[in-house]
Amino acid sequence: MNLDVEILARIQFAFTIMFHYIFPPFTMGTGFILVIMEGLYLKTGNKAFEVAAKFWTKIFAANFSIGVATGIVMEFEFGTNWATYSRYVGDIFGSPLAAEGIFAFFLESGFLALLLFGWNRVTPRVHFLATCMVSLGSLMSGFWIVVANSWMQTPTAYEIVGEGIQARAVITDFWAMVFNPSMMIRYTHTIIGAFIQSGFLVMSVSAYYLIKKRHKSVAKRSFKIGLYVAFFASLIQPILGHEHAKVVAEYQPTKLAAFEGLYETTESAPLYILGFTDPEDEKTYGIAIPGMLSFLISGSTEHSVKGLKEFPKEDWPGSIGLVFQSYHLMVGLGTLFILMTAIGVLLNRQRKLFENTLVLRIFSWAVFLPVLANQAGWVSAEVGRQPWIVYGMLRTNEAISKSVTGEEVLTSIILFFILYVLLFFTWLYILDKEIKHGPDDHDPEHFESGYLHRAEKAQNIGKAIKGKGE
Amino acid sequence: MDYNVIWYFLVGVLLIGYAILDGFDLGVGALHLFSKGDHDRRILMNSIGPVWDGNEVWLITAGGALFAAFPHVYATAFSGFYLPFFLLLMALIFRAVAMEFRSKEKSTVWRSTWDKVFSIGSILASILFGVAIGNIILGMKIGSDMEYKGTLLDQLNLYAIMTGIFALSMFTMHGANYLLIKTEGALQRQVRKWAFNAFWVFVVLYVVVTAFTLLAKPEMVANFSFGNVQAVGVKHPLISEHEYILSVFTWGIAILNFLAVLNIHRSLSKNNYGWAFISSSLSIGAFIALFAMGIFPNMMVSNLDPNYSLDIYNAASSQKTLRIMFYLAIVGVPFVLSYTISIYWVFRGKTKIDEHSY
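What counts and how
Residues numbered from 1 in each chain as written. Chains lettered and ligands numbered in written order. Predicted model: local features only at pLDDT ≥ 70, side-chain atom pairs only at ≥ 80, totals over all residues. Heavy atoms only, no water. Salt bridge = Lys/Arg side-chain N within 4 Å of Asp/Glu carboxyl O. Helix = DSSP H or I, 4+ residues; strand = E, 2+ residues; numbered from the N terminus. 1 Å grid on protein atoms, 1.4 Å probe; cavity = no way out; pocket = protein on both sides within 12 Å on 5 of 7 lines; lining within 4 Å. Points joined across faces, edges and corners; volume = space filled by probe spheres on them. Nonpolar A, V, L, I, M, F, W, Y, C, P; charged D, E, K, R; others polar. Contact = heavy atoms within 4.5 Å. Buried area = accessible area lost by both parts, 1.4 Å probe. Polar contact = N/O pair within 3.5 Å; in protein donor to acceptor, adjacent residues only side chain to side chain. Expected span 1.5 Å × (residues − 1). Buried < 20%, exposed > 50% of the residue type's maximum accessible area, 1.4 Å probe, protein only. Axes fitted to C-alpha atoms, helices over the stretch in contact; angles between N-to-C directions. Parallel < 35°, antiparallel > 145°, perpendicular 65-115°, else oblique. Left-handed = near helix turned anticlockwise from the far one by under 90°. Core = buried A, V, L, I, M, F, W, Y, C linked by side-chain atoms within 4.5 Å. Pairing = 2+ DSSP bridges. Phe/Tyr/Trp six-rings, centres within 6.5 Å; stacked < 30°, edge-to-face > 60°. Lys NZ or Arg CZ within 6 Å of the ring centre and 35° of its normal.

## Focus on the pattern of salt bridges
Residue and element names in this part refer to chain A. Inspection of the entire model under this criterion finds 23 salt bridges over all chains. The salt bridge involving glutamate 6 is made with arginine 10; its shortest N-O contact spans 3.9 Å. On the criterion of helical spacing, the pair formed by glutamate 6 and arginine 10 is a turn pair, its members being four residues apart in helix 1 (residues 5-20). Residues lysine 54 and glutamate 50 are paired through a salt bridge, measuring 3.6 Å at the closest nitrogen-oxygen approach. On the criterion of helical spacing, the pair formed by lysine 54 and glutamate 50 is a turn pair, its members being four residues apart in helix 3 (residues 47-80).

## Concerning the layout of surface pockets
Counted as a void, the second largest pocket has a volume near 1300 Å³. Breaking the lining of the second largest pocket down by element, the ones donating at least two residues are helix 1, helix 2 (23-44), helix 3, helix 4 (83-117), helix 5 (124-153) and helix 13 (368-385) of chain A together with helix 3 (52-69) of chain B. Partitioned by chemical class, the residues of the lining of the second largest pocket number 28 nonpolar, 14 polar and seven charged.

## Regarding the interface of chain A and chain B
Accessible area lost when the parts come together is the quantity often used to give the size of an interface. Each partner contributes residues to the interface: chain A has 74 residues there, and chain B has 68 residues. Summed over both partners, the interface of chain A with chain B comes to about 6300 Å²; 72% of that surface belongs to carbon and sulfur atoms. For chain A, the biggest contributors to the area lost against chain B are Arg87, Phe106 and Phe117 of chain A; these three give 14% of the whole. Note that glutamate 105 of chain B and lysine 433 of chain A form a salt bridge whose closest N and O atoms lie 3.7 Å from each other. At the junction of chain A and chain B, the tally comes to 21 residue pairs in polar contact (both at pLDDT 80 or more).

## Here we look at helix 13 of chain A
Given a rise of 1.5 Å per residue, 18 residues ought to cover 26 Å, and the 26 Å separating the end C-alpha atoms of helix 13 of chain A matches this to within 8%. By the criterion of burial, helix 13 of chain A is predominantly enclosed, with 14 of the 18 residues buried.

## Considering the packing of helix 2 (residues 38-48) of chain B against helix 6 (residues 108-138) of chain B
Residues and elements named next belong to chain B. Where helix 2 meets helix 6, the closest approach of the two axes is 12 Å, and the angle between their N-to-C directions is 45°. Comparing their axes, helix 6 and helix 2 come out oblique. Relative to helix 6, the crossing made by helix 2 is left-handed. Contact with helix 2, carried on its side by Asp38, Arg41, Arg42, Met45 and Ile48, involves Arg111, Asp115 and Phe118 of helix 6 and no other residues of that element. Of the residues that constitute the contact of helix 2 with helix 6, the class distribution is three nonpolar, no polar and five charged.

## Here's the deal with the environment of alanine 195 of chain B
All names here are of chain B. You can see alanine 195 is positioned in helix 9 (residues 185-216). On the basis of relative accessible area, alanine 195 is assigned to the buried category, the value being 0%. Distance in space between the C-alpha atoms of alanine 195 and threonine 172 is 7.9 Å, their sequence separation being 23 residues. Those residues in contact with alanine 195, other than ones at most four positions away along the chain, are Ala176, Asn177, Leu180 and Leu268.

## Topic: the nonpolar core
Core analysis: the largest hydrophobic core is formed by 251 residues, its most contacted members being Trp56, Tyr85 and Phe223 of chain A together with Phe70 of chain B. Apart from residues lying up to four places away in sequence, tryptophan 56 of chain A is in contact with Thr30, Leu34, Met37, Leu201, Val202, Val205, Ser206 and Ser222 of chain A.

## Quick word on the pairing of strand 4 (residues 271-278) of chain A
With seven bridges connecting them, strand 4 of chain A and strand 5 (residues 283-289) of chain A associate as antiparallel partners. Paired with glycine 275 of chain A across the two strands is glycine 286 of chain A, which belongs to strand 5 of chain A.

## Here's the deal with the packing of aromatic side chains
Under the criterion given, the structure shown has 69 aromatic pairs over all chains. Ring centres of phenylalanine 60 of chain A and phenylalanine 64 of chain A lie 5.8 Å apart, and the angle between their planes is 25°; on these two criteria the pair is classed as stacked. In this pair, phenylalanine 60 of chain A and phenylalanine 64 of chain A are both assigned in helix 3, four residues apart and thus about one turn of the helix distant. We note that phenylalanine 60 of chain A, like phenylalanine 64 of chain A, is buried. Ring pairs connect the aromatic residues Phe15, Phe19, Phe23, Phe416, Phe417, Tyr420, Phe424, Phe425 and Trp427 of chain A together with Tyr82 and Phe86 of chain B, which therefore count as one cluster. Just above the ring of phenylalanine 49 of chain A sits the side chain of arginine 221 of chain A; from NZ or CZ to the centre is 5.7 Å. The ring of tryptophan 388 of chain A has arginine 395 of chain A sitting right over it, with the charged end atom 4.2 Å from the ring centre.

Below, the structure written as structure tokens:
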């Protein structure tokens, strides 16, 4: 059997990282939401926030444990499948990974223990501190991993030493490597994407309770927090996306051209709303706003944008169609999130939100959309970087492990596939169970106004009597 | 002492930290199926509940540090141990989610399935760590391009399998010592029996593996043989210049290790479980220290040609990276130690099941 190690290794990396990346955005965003909830509890003393915080901690934990477990895989894969890459850039790439361990993972995992198991062991203030530290830890973990990834997109502060198989990149300036040209914008873009994903998760579950008329007090409060987090994040995201596009235009022109399927260098380049690109004919079709791409990256609709044909064909991303579609999917969904959350905010201000079953129903299913958007964003970023593993410096096909056979990689892909499918369904099952079980608000009188509660009871009794009558 | 030596030492410290900390929770996992009844099994799992995740971070950080400080070792080891390391990953993933999922469902089939997954995952992970160490002691087929030239079958030799089982026995004993601190009553009496059994298996393997090592690889003691055993390849100037004092020091560790092993039995007999645990921790640390001292300045030994071995110089990052990383470690480690100790302090005492437990 003659198996292509490069293709297999790429499939494996894509599969394992996409699976992994379902979970970290939930952790980063829900961690932040937990800080808000527990902070509100400490500030107002309202029991509903405490119940909410305890409930969301359980959801957080289920996501966290799979995130950690599948994250170790990523660290291993650099060495197992991409050993030549590791040798070539280890001098630079290893340090953010080590920093992630020292500064983020220890913090996160240490305080996670208090967050999960410490409710009865430490004071509420110390517990709140633990929640803040877990949130900080997950945000820092994102920071260092985006540092490492951004360096692969826009490598700086290195020089190549040695020749032939001895050649490798060494660092010239650590902080310039950390704050490489695309790092800050990619980090904020990633974090905000995580906040949207988590905001939608919180809304989804809360909406489900509101439809089912369960745990109303906790659900309403949670929904509002999720809504506002997602709303503000959705509003900020296009601004960040715009800034990001400028950086891509400057440092990764082939990627930018692939985003929009731009083959010819064009003055007043268009931005597609919907469309498809045909790499055979080197043409792109669809509905476009003329001059908008030029405007996005320069502020002027006249600005000339370099097309793919400016660059040798071997430097083009292999799947331009995939880059184009995933990029547009992300942008389209991002726009949709602004619309959805704005409607939510509007209805909330008119105090109609929680009566509108249709809107609640939509939100209860919408959680899949930001997951899709975040995945699509990464696909366009990573496939768009091809054929480079480190942009302009090291090609992906030069980076694979030399001592590994196709059979070995294939075996591990199959094993991972089986394991992850199994994991995924177990995770869904557990999550579903946790959600159906709901928050432990056995004693709603504690925080529900007595009058409303009685009114609700009376209504229910009324319904029951009516039901019998029929 | 240069940064390369310092990083050899620091990676060693991370590995010792990992082996001592995750060692006991892997051991608890290995013992899990011996406990009967849902309550006992939940006690076992929850005894490590708040800490296992933090323990595993030592492995992740050791991996990151190895990547940053010695990228060639990282690349050769991870691609060379391809399938064993994937099995290790599987074991660690299964184990992690088994803990998270096990008590979420009342069904006995559900629980006993995850119990098995948890236990087998822990056992497999322990053995694989030992197999990796055993292969590095024996030497691997590393070529002039630093790539592994052997096959999977080369790694499944008698010696490596023995070190694998030895690691399992050591972690199991260590885990039992930990459990003695966290349990009480009938369960504790049961654990005490496991601890003695594991101890005797460990002692027998300790003797056999040591004898086997000295027979197969006498040069493992070259660095601390007072100059009597010739090392293969170049001796680091640090070793040749301080041969005497280093030999005394390393034999000191070996003797302390021997005493620590004796003290495990003594403390167990006197029901002094804290000391039994400290002794098994010291013993684990001593084994890794002896291993590190034995292969220094190599990190992976080639048995094709000693010149192909990966040592702390030809496999290392640039001095600049080693220096920056050193400062990062100096800034980070005090934080890590302070909250790790605090967490263990908060969760001290006997394990009790409450609403927040697994």
